[in-house]
Amino acid sequence: MKPRRQGREARENRHVKSTTEIAVKARDEEELMRIVEDQEVPFILVLDCVQDPHNLGAILRTADGAGVHAVVAPKDKAVGITETVRRVSVGAADNVPFVQVTNLARTMERLQEKGLWFVGTSDRAEKSIYELDLKGPLAIVLGAEEKGMRRLTEEHCDFLASIPMAGKIECLNVSVSAGVCLFEAVRQRSVT
Ligand SMILES: C[S@@+](CC[C@H](N)C(=O)[O-])C[C@H]1O[C@@H](n2cnc3c(N)ncnc32)[C@H](O)[C@@H]1O
């Protein structure tokens, strides 16, 4: 059996790893623009201030599975790629381009100029995600765990959509929402 002291040190180290951003290939806004230009029908995911590394890791895993071309997030107000994110993503953090930008609203405007339509998600939206046409150049926007999308981000969206809820709880976990919305887009895009 390991001495108790070692166990405590290991736990402390694990905590340090889980909160420290690790080096992944740095991608800037210009690279994002190139990624989008290279795609015939771009498909990207925007995360407006997701805070929890477990959620980010799970979302990156889902984004990889859905074939998303890039995941975009604000640089300062959200979690970046930590050891925990990488572990939870089971490697997707190294596969899916993750681009942190300084001014999300301005990045959205530049992507709109390139023809992308932004679908923001909110449990308060009147239209359901299943009613929208998600086949074209698309960015799906998810909000933060507690507060949802920021006002300016929401104002920059072309459409707002909800995932219909049947129970008493108003909203889903953000990573679950990512799965529902991204794979609805995948379903629509695979229908010829
Ligand atoms: C836990 S929710 C945040 C709820 C927050 N109180 C709000 O007012 O938006 C985190 C994110 O998951 C997504 N989400 C959760 N449930 C949803 C639903 N029923 N319809 C659409 N998006 C949802 C949205 O992107 C939301 O910003």
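Residues numbered from 1 in each chain as written. Predicted model: local features only at pLDDT ≥ 70, side-chain atom pairs only at ≥ 80, totals over all residues. Heavy atoms only, no water.

In the annotation of an unreviewed UniProt entry, the entry for the protein reads 23S rRNA (Guanosine(2251)-2'-O)-methyltransferase RlmB, and the organism field reads Haloferula chungangensis.

All right, on to the site of the ligand then. Inspection of the region around the ligand gives 21 residues, with Thr 121, Gly 143, Ile 163, Leu 172 and Ser 177 positioned closest. Glu 146 has a polar backbone atom sitting 3.2 Å from a nitrogen atom of the ligand. Within the side chain of Ser 177, a nitrogen or oxygen atom sits 3.1 Å from a nitrogen atom of the ligand. Burial of the ligand by the protein amounts to 89% of the accessible area it has alone, namely 560 Å². (Near = heavy atom within 4 Å. Polar contact = N/O pair within 3.5 Å; in protein donor to acceptor, adjacent residues only side chain to side chain. Areas by Shrake-Rupley, 256 points an atom, 1.4 Å probe, with all protein chains shown as cover.)

Taken N-terminus to C-terminus, the directions of helix H2 (residues 29–38) and helix H6 (residues 104–113) make an angle of 25 degrees; their axes are 11 Å apart at the nearest point. In this view, H2 runs roughly parallel relative to H6, as classed from their interaxial angle. When the axes of H2 and H6 are compared, the crossing they make is right-handed. Across the interface between the two elements, Glu 29, Glu 30, Leu 32, Met 33 and Val 36 of H2 pack against Arg 106, Thr 107, Arg 110 and Leu 111 of H6. Classifying every residue of the contact of H2 with H6 by side-chain character gives four nonpolar, one polar and four charged. (Axes fitted to C-alpha atoms, helices over the stretch in contact; angles between N-to-C directions. Helix = DSSP H or I, 4+ residues; strand = E, 2+ residues; numbered from the N terminus. Parallel < 35°, antiparallel > 145°, perpendicular 65-115°, else oblique. Left-handed = near helix turned anticlockwise from the far one by under 90°. Contact = heavy atoms within 4.5 Å. Nonpolar A, V, L, I, M, F, W, Y, C, P; charged D, E, K, R; others polar.)

Moving on, we get to the pattern of salt bridges. The full count for this structure, using the stated rule, is nine salt bridges. Residue Arg 110 is joined to Glu 30 by a salt bridge in which the shortest nitrogen-to-oxygen separation is 3.0 Å. Separated by 80 residues along the polypeptide, Arg 110 in helix H6 and Glu 30 in helix H2 bring together distant segments of the chain. Relative accessible area serves as the criterion here: at 27%, Arg 110 is assigned to the partly exposed category. A salt bridge links Asp 48 to Arg 150; the shortest N-O distance between them is 2.7 Å. (Salt bridge = Lys/Arg side-chain N within 4 Å of Asp/Glu carboxyl O. Buried < 20%, exposed > 50% of the residue type's maximum accessible area, 1.4 Å probe, protein only.)

Bringing the UniProt feature "domain: tRNA/rRNA methyltransferase SpoU type" (unreviewed entry) in the protein into the picture now. Feature annotation in UniProt places "domain: tRNA/rRNA methyltransferase SpoU type" (unreviewed entry) on residues 43–183, given in this structure's numbering. Segment residues 43–183 splits into 35% helix and 19% strand. End C-alpha atoms: 12 Å apart. (UniProt positions renumbered as here; feature names shortened; annotations may be inferred.)

Turning to a nonpolar patch on the surface, a few remarks are in order. A contiguous nonpolar patch, built from Met 165, Ile 169, Leu 172 and Val 176 and spanning about 340 Å² of accessible area, is present on the exposed surface. Its location among the elements puts Met 165 in the loop between strand S6 (159–161) and helix H8 (174–190). Judged by relative accessible area, which is 33%, Met 165 ranks as partly exposed. (Patch = residues over 30% accessible without salt bridge, like charges linked within 9 Å, V, L, I, M, F, W, Y side chains within 5 Å.)

Okay, the environment of Glu 109 next. Within the secondary structure, Glu 109 is located in helix H6. Glu 109 gets classed as partly exposed once you look at its relative accessible area, which sits at 36%. Linking Glu 109 and Gly 67, residues 42 residues apart in sequence, is a C-alpha distance of 23 Å.

Take the packing of aromatic side chains next. In total, this model carries one aromatic pair according to the counting rule given. Where Trp 117 meets Phe 159, the ring centres are 6.0 Å apart and the plane angle is 35 degrees; that geometry is what we call tilted. Placement of Trp 117 in strand S4 (residues 117–121) and of Phe 159 in strand S6 is noted, with a sequence separation of 42 residues between them. What makes Phe 159 partly exposed here is its relative accessible area of 38%. (Phe/Tyr/Trp six-rings, centres within 6.5 Å; stacked < 30°, edge-to-face > 60°.)

Taken together, six strands build an open sheet; the order of strands is S3-S2-S1-S5-S4-S6 and the sheet is parallel. The open sheet has two edge strands with one neighbour each: strand S3 (98–101) and S6. Pairwise comparison of adjacent strand axes, ignoring direction, gives a mean angle of 25 degrees for this sheet. Bridge analysis of S4 against S6 gives three bridges, and the strand direction is parallel. Directly across from Gly 120, in S6, lies its bridge partner Leu 160. Where H6 meets the sheet, it contacts strand S1 (43–47), strand S2 (70–74), S3, S4 and strand S5 (138–142), and its direction lies at approximately 140 degrees from that of S4. (Pairing = 2+ DSSP bridges.)

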